Amino acid sequence: MNKVMFGKRLKETRKLRNITSNKLAELCEIEPSFVRQIESAAKYPSIPVFVKLCNALGVSPEYLLKDSLKEIDEPDNLKSLYNKLKNLSPNEIELAKDIIEDILKHRHRDL
């Protein structure tokens with residue numbers, strides 16, 4: 001796992017959500033210094049803490065790990081869409097999700 005990129009993405013997401021490191025620590029039931037150590041790439045979280053971080057920030061594990069995961073072999077059109085989506089911020093991902101859900105609702109209504 002790329003500790004530096006993981007910590008950077010965690011910190012960036014936390015700030016986008018307007019959550020302090022102290023508040024994130026409280027939500028995850030860990031020490032604030034541990035949050036800062038993860039963000040500075042000094043330490044890795046355990047799997048239970050990792051899950052708590054994802055839940056507290058409202059992001060998928062894949063989003064926080066995307067710099068460390070291998071690309072999935074998918075059809076070109078899905079790969080292209082995925083490559084565009086994976087660079088979005090959490091807020092932009094939520095907006096894209098809402099748009100896709102609206103498209104699917106209208107599609108089912110038109111069928």
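- If you check an unreviewed UniProt entry, the protein appears there as Transcriptional regulator, contains XRE-family HTH domain from Maledivibacter halophilus.

Considerations on the UniProt feature "domain: HTH cro/C1-type" (unreviewed entry) in the protein
Then comes step 1: Within the UniProt annotation, "domain: HTH cro/C1-type" (unreviewed entry) is assigned to residues 10-64.
Then comes step 2: Regarding residues 10-64, the helix share stands at 69% and the strand share at 0%, and the terminal C-alpha atoms are separated by 7 Å.

Digging into the nonpolar core
Then comes step 1: The biggest cluster of nonpolar side chains holds 19 residues, and the ones touching the most others in it are Leu24, Ile30, Leu53 and Leu64.
Then comes step 2: The set of elements that each furnish at least two residues to this core consists of α1 (3-16), α2 (21-28), α3 (32-39), α4 (47-57) and α5 (61-65).
Then comes step 3: A total of five residues in this core trace back to one element, the largest contributor, which is α4.
Then comes step 4: Excluding anything up to four places from it in sequence, leucine 24 contacts Arg14, Ile19, Val35, Leu53, Ala56 and Leu57.

Structural notes on the packing of aromatic side chains
Then comes step 1: Under the defined criterion, the tally for this structure stands at one aromatic pair.
Then comes step 2: Judged by centre distance (5.8 Å) and plane angle (45°), the ring pair of phenylalanine 6 and phenylalanine 50 falls under tilted. With a gap of 44 residues between them, phenylalanine 6 in helix α1 and phenylalanine 50 in helix α4 connect regions that are remote in the sequence.
Then comes step 3: Of note, arginine 9 hangs over the ring of tyrosine 63, and the distance from its end group to the ring centre comes to 5.3 Å.

How each quantity is defined
The residue count restarts for each chain, going from 1 along the sequence in the order it is written. This being a predicted model, a pLDDT of at least 70 is required before a residue's local features are given, and a value of 80 or more before pairs of side-chain atoms are given or counted; all residues contribute to the totals for chains, interfaces and linings. Hydrogen atoms and water are omitted, and side-chain values are computed over all heavy atoms in the structure. UniProt positions are given in the numbering used here, feature names are shortened, and annotations may be inferred rather than shown by experiment. Counting from the N terminus, the helices are DSSP H or I runs at least four residues long and the strands are E runs at least two residues long. By nonpolar core is meant a set of buried Ala, Val, Leu, Ile, Met, Phe, Trp, Tyr and Cys residues that side-chain atoms within 4.5 Å join together. Burial classes follow relative accessibility: with a 1.4 Å probe on protein chains only, a residue under 20% of its type's maximum area counts as buried, one over 50% as exposed, and anything between as partly exposed. Pairs of residues are marked as contacts when any of their non-hydrogen atoms sit within 4.5 Å. Here the aromatic set is Phe, Tyr and Trp, taking the six-membered ring for Trp, and pairing holds for ring centres within 6.5 Å; pairs whose planes are under 30 degrees apart are stacked, those over 60 apart are edge-to-face, and all others are tilted. Remark: a charge is flagged as sitting over a ring if the NZ atom of Lys or the CZ atom of Arg is within 6 Å of the ring centre and within 35 degrees of the ring normal.

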